[in-house]
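As a plain string of letters, each chain reads:
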Amino acid sequence: MNKKGQVLVLFIICIPIMITLFSYLIEVSYIAYNKHKIYSVTKTIIAKNYSNDNLFDIINMYKDNDIDVTEDAFIVYISGSDTRSKKLTKSRSDVNILAIVNPKNHQILLLNTPRDYYVEPSIAPGEKDKLTHCGLYGIDCSMDTLKNLYGLNEINYYGQINFTGLETLVDEIGGITINSDSAFQSTLYPQYKFVKGENDVKGEKALAFARERYALGDGDNARGRHQMEIIKAVIEKMTSSTALLTNYSGIMDSLEGMISTDFASDDISSLINKQLSDGGTWDIKTFATEGEGASKKTYSMPTQRAYVCVPDESSVQQANQLIKKVMNGETISDDDLKLTQKGD
């Protein structure tokens, strides 16, 4: 994938923060079986970040997406890996956001699912585990689990970034402005305090905002809102700065090894061309499913109890309806989101 292709994901699909960002990528051609025919595909992967076994796992994740990303709505899984190394590995996913993108009306729905959601992992039907633990079994497990949770036919793409990548990205674009719905001091990074309203932050402080839950009244739910707020802030910063867009090559170089995606080169190029020709901003809406805290045994830790978030099924169904609206080409209004919030 060339660097022109990388920039699109940087400012259109929200992956600029925990989504489709690219580092040191190489092109690997391989032969794959699709039903009863063999076809050759070019797969963009971060080969040097994985062992040979993991490399084949990634290759097998290739999807023959029969969609036109400039016309058809599609879904991106945004994963935030809880690692600090400069190489992505299989790990827990601290961020689990679906970006449902409608390219025709320039609307994106960001849907957050709490990391501790007590769900049925795709690899173990009938069992229950935290959503974050699904990442230990590969990103495909996280994607399939979310697909099953929301009753989706497909999640078309994924993008993953780790803690170090987030810090680096925010620093590379000169910081962002985020909006906090409350004042608090970070428990993980006590040197950082946030005021209610707008806060100008650089990399580490942005990460502190994204990770905080203990200082906030509704814990996991607030953390999810914060993560979506950072995604919005990065998009706004990138789309409003010609200088940043023309410097995407340097930004990509700085993120070497800290990001991964399975966006096809052709799809990236198509989206870039559309954005360059049409211009304009993206209307970004956010919604988060909710739940109640509990202590339960999990599939990955069967001998001990752990904190989990038991899903509120009504909010899961509400999220499903919002996804359907975007995928069907409808425009979501703020009133739609208010009507679907728990208790309204």
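Structure report, in brief. The structure presented is a predicted model; accordingly, all values stated were derived computationally and were not measured.

The subject of this paragraph is empty space enclosed by the protein. Scanning all chains against the criterion turns up 2 cavities of 30 Å³ or more. Lining the largest cavity, in full, are D94, V95, N96, N112, T113, P114, R115, D220, R223, G224 and Q227. Contributing elements (two or more residues each) for the lining of the largest cavity: strand 4 (93–102) and helix 8 (219–239). Per element, the largest residue contribution to the lining of the largest cavity is 4 residues, and it comes from helix 8. Per-class residue counts for the lining of the largest cavity are 2 nonpolar, 5 polar and 4 charged.

For strand 4, the buried fraction is high: 10 of the 10 residues fall into the buried class. Where strand 4 lies against strand 5 (residues 107–112), 6 bridges are found, and the strand directions are antiparallel. When the sheet's bridge partners are listed, I97 is paired in strand 5 with N112. Hairpin remark: strand 4 followed by strand 5, antiparallel, with 4 residues in the connecting loop; positive phi at H106, about 55°.

On the surface, K128, K296, K297 and R305 cluster together to form a positively charged patch. The exposure class assigned to K296 is partly exposed, which follows from its relative accessible area of 31%.

About the cut-offs
- Residues numbered from 1 in each chain as written.
- Predicted model: local features only at pLDDT ≥ 70, side-chain atom pairs only at ≥ 80, totals over all residues.
- Heavy atoms only, no water.
- 1 Å grid on protein atoms, 1.4 Å probe; cavity = no way out; pocket = protein on both sides within 12 Å on 5 of 7 lines; lining within 4 Å.
- Points joined across faces, edges and corners; volume = space filled by probe spheres on them.
- Helix = DSSP H or I, 4+ residues; strand = E, 2+ residues; numbered from the N terminus.
- Nonpolar A, V, L, I, M, F, W, Y, C, P; charged D, E, K, R; others polar.
- Buried < 20%, exposed > 50% of the residue type's maximum accessible area, 1.4 Å probe, protein only.
- Pairing = 2+ DSSP bridges.
- Patch = residues over 30% accessible without salt bridge, like charges linked within 9 Å, V, L, I, M, F, W, Y side chains within 5 Å.
- Areas by Shrake-Rupley, 256 points an atom, 1.4 Å probe, with all protein chains shown as cover.
- Salt bridge = Lys/Arg side-chain N within 4 Å of Asp/Glu carboxyl O.
- Lys, Arg positive; Asp, Glu negative; His and termini not counted.
- Charge placed at Lys NZ, Arg CZ, Asp CG, Glu CD.

Just distances and angles here, no functional claims.
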